[in-house]
Amino acid sequence: MSAWVLPDHIADVLPSEARHIEELRRQLLDTARGYGYELVMPPLLEHLESLLSGTGEALDLQTFKLVDQLSGRSMGLRADTTPQVARIDAHLLNRDGVARLCYCGPVLHTRPDRPHATREPLQFGAEIYGHAGLEADTETLLLALDCLDAAGLREGVIVDLADARIVRALFAGVPVDAAVLARVHAALAAKDASELAALTKDFPAASRDGLRALIGLYGDASVLDEAAKALKDTPAVGAALADLKQLAAGLDGVAGRQISFDLADLRGYAYYSGMRFGIYVPGAADSLVRGGRYDEVGAVFGRNRPAVGFSLDVRELVGVLPARPLRAAIRAPWSDAAGLRQAIAQLRKSGETVVCVLPGHGSEIDEFHCDRELVEQAGQWSVRTI
């Protein structure tokens, strides 16, 4: 095998795409800052027991593991940043009130989490700690939509809502081991009625019938009324359905967005404890943005407090956007003339891109669109449109 061949689902990012990714990264972080979110930068790797505390088997299987040559302890390369941000909130910030935190950095997956995905996503996310009310859930959804809007995705956007409390309520009092639970979750996500029927045949009638009903509970807001009739009436189910209605109402009037519900969708990491959502956009094979409420994520760090947030892969986001045009630039000759050097320096300080053409390379194409050039006239250097 050639030395330059990269591993499967790992790829270099070339100049035009890299520029687009970096511009988007800045836009997303600026959008989050406009809401009052503070930037944090967790490490790419840390001790395994800290990295995976409370996250469940799914994230464990996605995590690359290695041995620290200094301490001999097992370490992991993060597959998701949320547990790290929960650790920062619990131990380093330790604030009494609300903490709004955002981040953007690479994560690594042992295998792609969906067809054609990279194993090295550039994960952007934003999270609110310290507020249990629907106001935080609503802000999270609005920020996620504003981030897509900043990227240029305004039409054809679908926000799909669900709530983890509904399935938990249907499992209440049902003795089931982790393996069967995982298979039930998979059957619900795949809408596999025959598999679900086989797995739940010995469940109590209310739980069995409720889980089977979930498969058909997807669509517009009428789904919530259907769910109220089809599912057993418990405080948890009632609260979840009421919250979903209120969240949907909070998004009314956001132009170009469609709201849908899929009460059987439990995809995502095991730490979701309440509302969860996916945002779908034209050109993406699956949800581009994933998020929800995960009030229990900080418990393993000794601080179990409300938390809600979302994340997306900036590289995947770039993949559904049209390529950006080459950035306009100024072409300048290569020379040691003091006047030319001074003119170039002044232009660059003002924010212009000035490409000096090296001797013998005047006809080559680069990643910038040079629509102007620096020329000398009467001993003065000035910019002229090409």
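All of these numbers come straight from a predicted model, not from anything done at the bench.

Engineer: Break down the overall build of the protein for me, citing the residues and quoting the values.
Structural biologist: Within the protein, the regular secondary structure consists of 13 helices and 16 strands. Across the 386 residues that make up the protein, the buried fraction comes to 45%. In the protein, once contacts between residues fewer than 6 apart in sequence are set aside, the share between residues at least 24 apart is 68%. Charge centroids of the protein, computed over 40 positive and 52 negative side chains, lie 2 Å from each other.

Engineer: Which residues make up the packing of helix 5 (residues 134–151) against helix 11 (residues 235–250), and what values do they have?
Structural biologist: At a minimum axis separation of 10 Å, helix 5 and helix 11 run at an interaxial angle of 45°. With respect to helix 11, the element helix 5 is oriented oblique. When the axes of helix 5 and helix 11 are compared, the crossing they make is right-handed. Every residue of helix 11 that contacts helix 5 at Leu-134, Asp-137, Thr-138 and Leu-141 is listed here: Asp-243, Gln-246 and Leu-247. Looking at the contact of helix 5 with helix 11 residue by residue, the class counts come to three nonpolar, two polar and two charged.

Engineer: With reference to specific residues and values, describe the pattern of salt bridges.
Structural biologist: This structure, assessed with the given rule, holds 31 salt bridges. For Arg-165, the salt bridge identified is with Asp-243, shortest N-O distance 2.9 Å. One end of the pair, Arg-165, is in helix 6 (residues 164–171); the other, Asp-243, is in helix 11, with 78 residues separating them in the sequence. Overall, Asp-243 belongs to the partly exposed group, its relative accessible area being 21%. The salt bridge involving Asp-336 is made with Arg-341; its shortest N-O contact spans 2.8 Å. On the basis of relative accessible area, Asp-336 is assigned to the exposed category, the value being 62%. A relative accessible area of 44% means that Arg-341 is categorised as partly exposed.

Engineer: Quick rundown of the side chain of Asp-137? Include the residues and the values.
Structural biologist: Locating Asp-137 in the fold gives a position in helix 5. Apart from residues lying up to four places away in sequence, Asp-137 is in contact with Leu-247, Met-275, Arg-293 and Val-308.

Engineer: Any details on the pairing of strand 11 (residues 289–293)? Residues and values, ideally.
Structural biologist: Counting buried positions along strand 11 yields four of five residues, so the element is predominantly enclosed. Strand direction decides the pairing type here: strand 10 (residues 275–280) and strand 11, joined by four bridges, are antiparallel. By the bridge assignment, Phe-277 is partnered in strand 11 with Gly-291. Here strand 11 runs beside strand 12 (residues 307–313); their pairing, made up of five bridges, is antiparallel. Paired with Arg-290 across the two strands is Ser-311, which belongs to strand 12.

Engineer: I'd like a description of the environment of Arg-267, backed by residues and values.
Structural biologist: Among the structural elements, Arg-267 can be located in the loop between strand 9 (257–262) and strand 10. The class for Arg-267 is partly exposed, based on a relative accessible area of 32%. Sequence separation of Arg-267 and Gly-278 is eleven residues, and the distance between their C-alpha atoms is 9.3 Å. Ignoring sequence-local partners within four residues, the contact set of Arg-267 consists of Ala-189, Tyr-272, Arg-276, Tyr-280 and Asp-286.

Engineer: Before we move on, could you go through the packing of aromatic side chains and cite the residues and values that matter?
Structural biologist: Overall, the coordinates contain three aromatic pairs when judged by the stated rule. Centre to centre, the rings of Tyr-272 and Tyr-294 are 6.0 Å apart; their planes meet at 45°, and the pair counts as tilted. With a gap of 22 residues between them, Tyr-272 in the loop between strand 9 and strand 10 and Tyr-294 in the loop between strand 11 and strand 12 connect regions that are remote in the sequence. Taking the ring centre of Trp-334 as reference, the NZ or CZ of Arg-341 above it sits at 5.8 Å.

Engineer: Could you give an account of the pairing of strand 3 (residues 64–67), naming the residues involved and the relevant values?
Structural biologist: Relative to strand 4 (residues 74–77), strand 3 runs antiparallel, the two sharing four bridges. Residue pairing across strands places Lys-65 opposite Gly-76, the latter belonging to strand 4.

Engineer: Lay out the sheet that holds strand 13 (residues 327–333) in plain terms, naming residues and giving numbers.
Structural biologist: A sheet is described by the order of its strands in space; here four strands give the open sequence 14-13-15-16, paired in mixed fashion. A strand with exactly one partner marks an edge of an open sheet, and here the two such strands are strand 14 (354–357) and strand 16 (380–385). Between one strand axis and the next, the sheet turns by 35° as a mean value, whatever way the strands run. Examined bridge by bridge, strand 13 and strand 14 share four bridges and lie parallel to one another. Looking at strand 14, one finds that Ala-332 is bridged to Cys-356. Running over the sheet, helix 13 (residues 338–349) touches strand 13, strand 14, strand 15 (368–377) and strand 16 and is turned about 150° from strand 14.

Engineer: Mind laying out the layout of surface pockets, listing which residues take part and the relevant values?
Structural biologist: Approximately 250 Å³ is the volume attributed to the second largest pocket. Every residue lining the second largest pocket is counted, 14 residues in all, and those nearest its centre are Val-355, His-361, Glu-364, Ile-365 and Asp-366.

Engineer: An account of a nonpolar patch on the surface is requested, with residue identities and associated values reported.
Structural biologist: Taken together, the side chains of Leu-44, Leu-45 and Leu-66 define a hydrophobic patch exposed on the protein surface, amounting to about 200 Å² of accessible area. With respect to the secondary-structure elements, Leu-45 resides in strand 2 (residues 45–47).

Engineer: Report on the sheet that holds strand 2, specifying residues and quantitative values.
Structural biologist: By definition, the strands of a sheet pair up through backbone hydrogen bonds, in either a parallel or an antiparallel sense. The antiparallel open sheet is built from three strands, whose spatial order is 2-4-3. With partners counted over all chains shown, the strands left at the sheet margins are strand 2 and strand 3, one partner each. Sheet twist, expressed as the average angle between the axes of neighbouring strands with direction ignored, equals 35°.

Criteria and thresholds
Residues numbered from 1 in each chain as written. Predicted model: local features only at pLDDT ≥ 70, side-chain atom pairs only at ≥ 80, totals over all residues. Heavy atoms only, no water. Helix = DSSP H or I, 4+ residues; strand = E, 2+ residues; numbered from the N terminus. Buried < 20%, exposed > 50% of the residue type's maximum accessible area, 1.4 Å probe, protein only. Contact = heavy atoms within 4.5 Å. Lys, Arg positive; Asp, Glu negative; His and termini not counted. Charge placed at Lys NZ, Arg CZ, Asp CG, Glu CD. Axes fitted to C-alpha atoms, helices over the stretch in contact; angles between N-to-C directions. Parallel < 35°, antiparallel > 145°, perpendicular 65-115°, else oblique. Left-handed = near helix turned anticlockwise from the far one by under 90°. Nonpolar A, V, L, I, M, F, W, Y, C, P; charged D, E, K, R; others polar. Salt bridge = Lys/Arg side-chain N within 4 Å of Asp/Glu carboxyl O. Pairing = 2+ DSSP bridges. Phe/Tyr/Trp six-rings, centres within 6.5 Å; stacked < 30°, edge-to-face > 60°. Lys NZ or Arg CZ within 6 Å of the ring centre and 35° of its normal. 1 Å grid on protein atoms, 1.4 Å probe; cavity = no way out; pocket = protein on both sides within 12 Å on 5 of 7 lines; lining within 4 Å. Points joined across faces, edges and corners; volume = space filled by probe spheres on them. Patch = residues over 30% accessible without salt bridge, like charges linked within 9 Å, V, L, I, M, F, W, Y side chains within 5 Å. Areas by Shrake-Rupley, 256 points an atom, 1.4 Å probe, with all protein chains shown as cover.

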